[in-house]
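Examination of the molecular architecture
If you want the building blocks of each chain, they are given just below.
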Amino acid sequence: MSAPAPPAPAPATAPALALENVTSGYQGTTVLRDVTLRVPAGGAVALLGPNGAGKTTLLRTVSGLLRPTAGQVYFDGAKVTALPAHRRVRLGLCDIPEGRGIFPSLTVRENLVLQSPRGREKQTVDVAVEAFPRLGNLLKRTAGTLSGGEQQMLALVRAYATEPRLVLVDELSLGLAPLVVDRLFEILTAMVERGTALLLVEQYVTRALELASEAYLLARGSVVFSGPAADLSDADVFEHYLSIDVGRDTAGQADDSGTPRRAPDE
Ligand SMILES: Nc1ncnc2c1ncn2[C@@H]1O[C@H](COP(=O)(O)OP(=O)(O)OP(=O)(O)O)[C@@H](O)[C@H]1O
Ligand SMILES: [Mg+2]
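Residues numbered from 1 in each chain as written. Chains lettered and ligands numbered in written order. Predicted model: local features only at pLDDT ≥ 70, side-chain atom pairs only at ≥ 80, totals over all residues.

**Some details on the environment of arginine 33**
Take arginine 33: it is sitting in strand β2 (residues 29-39). Note on arginine 33: 25 C-beta atoms within 10 Å, which makes it buried. In this structure, the C-alpha to C-alpha distance between arginine 33 and glycine 221, residues 188 residues apart in sequence, is 5.6 Å. (Helix = DSSP H or I, 4+ residues; strand = E, 2+ residues; numbered from the N terminus. Buried ≥ 20, exposed ≤ 12 C-beta atoms within 10 Å, placed from the backbone.)

Here you go:
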């Protein structure tokens, strides 16, 4: 008797990431409510919103550090909602969290090797140094002794050299000089040009919108705008959406009472 046919492979057009009606948060606190979001394969998406909107919580839900209480998460069309974080890494997810996501007590080389696919350690280091020669002089340095910008570069280069399917980046440029931020955005751009999908949380909104083709705006854990990044470049529109959250508190309390999604209709 033949075994049942395996599930059909996901179509080539499946988005790199899809969140379907995801509700998520921390014990006793719902943060994200009914969030639906897609990052096209090889596409760059900016995730914007005021402090406390839930951007980091969304990225943690994608990386598997938080489990949604409702809804589903898909990578490349495959459901990963219940998959632990390390299994998602094996599927090609690279998470660059707030505060860099490197191992400060290890050397630069060790950081690269540790994140490399097995058997490709030397290649990973070579690709990183070739693309970013400055790192070549720093390979033996303890990562924690690098400057803030160098640490971010290491975090990004690690992603660049391991060619993930999807990179999550949270506040990469925080506290860095504009020139360093320029360099980091060059690396991000190179990654996207090579076909890596990107979900970017970034305080430099203009830069994020230049890099991204699509943008989502979160306020109080709900998506209040999604569409072409160019549509959000309009300062009036952007301020309008931001004012939803920074303005006076009205119906949408950030509690568990089922915040209605606010229509951008004023
Ligand atoms: N570990 C946690 N436990 C409980 N609540 C948390 C935790 N981390 C964040 N929160 C709450 O979840 C909400 C969303 O926080 P989150 O860090 O996702 O926002 P954010 O959009 O990333 O903000 P920022 O722009 O300041 O980084 C906030 O109200 C925050 O206080
Ligand atoms: Mg955050």
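**Overview of the packing of helix α4 (residues 121-131) against helix α5 (residues 148-162)**
Helix-helix packing: each pair is described by the crossing angle between the helix axes and the interaxial distance. At a closest axis distance of 9 Å, the pairing of α4 and α5 adopts a crossing angle of 120°. Considering their axes alone, α4 and α5 lie oblique with respect to each other. For α4 against α5, the interelement crossing comes out right-handed. Contacts between α4 and α5 involve Thr124, Val127, Ala128 and Ala131 on the former and, on the latter, Val157, Tyr160, Ala161 and Thr162. (Axes fitted to C-alpha atoms, helices over the stretch in contact; angles between N-to-C directions. Parallel < 35°, antiparallel > 145°, perpendicular 65-115°, else oblique. Left-handed = near helix turned anticlockwise from the far one by under 90°. Contact = placed C-beta atoms within 7 Å.)

**A closer look at the sheet that holds strand β5 (residues 78-79)**
Here 4 strands make up an open sheet; going across it, the order is β2-β1-β4-β5 and the pairing antiparallel. If you trace the sheet from one side to the other, it starts and ends with β2 and β5, each paired once. In terms of strand pairing, strand β1 (residues 17-26) meets strand β4 (residues 70-75) through 5 bridges, oriented antiparallel. Bridging across to β4, alanine 18 finds its partner in tyrosine 74. (Pairing = 2+ DSSP bridges.)

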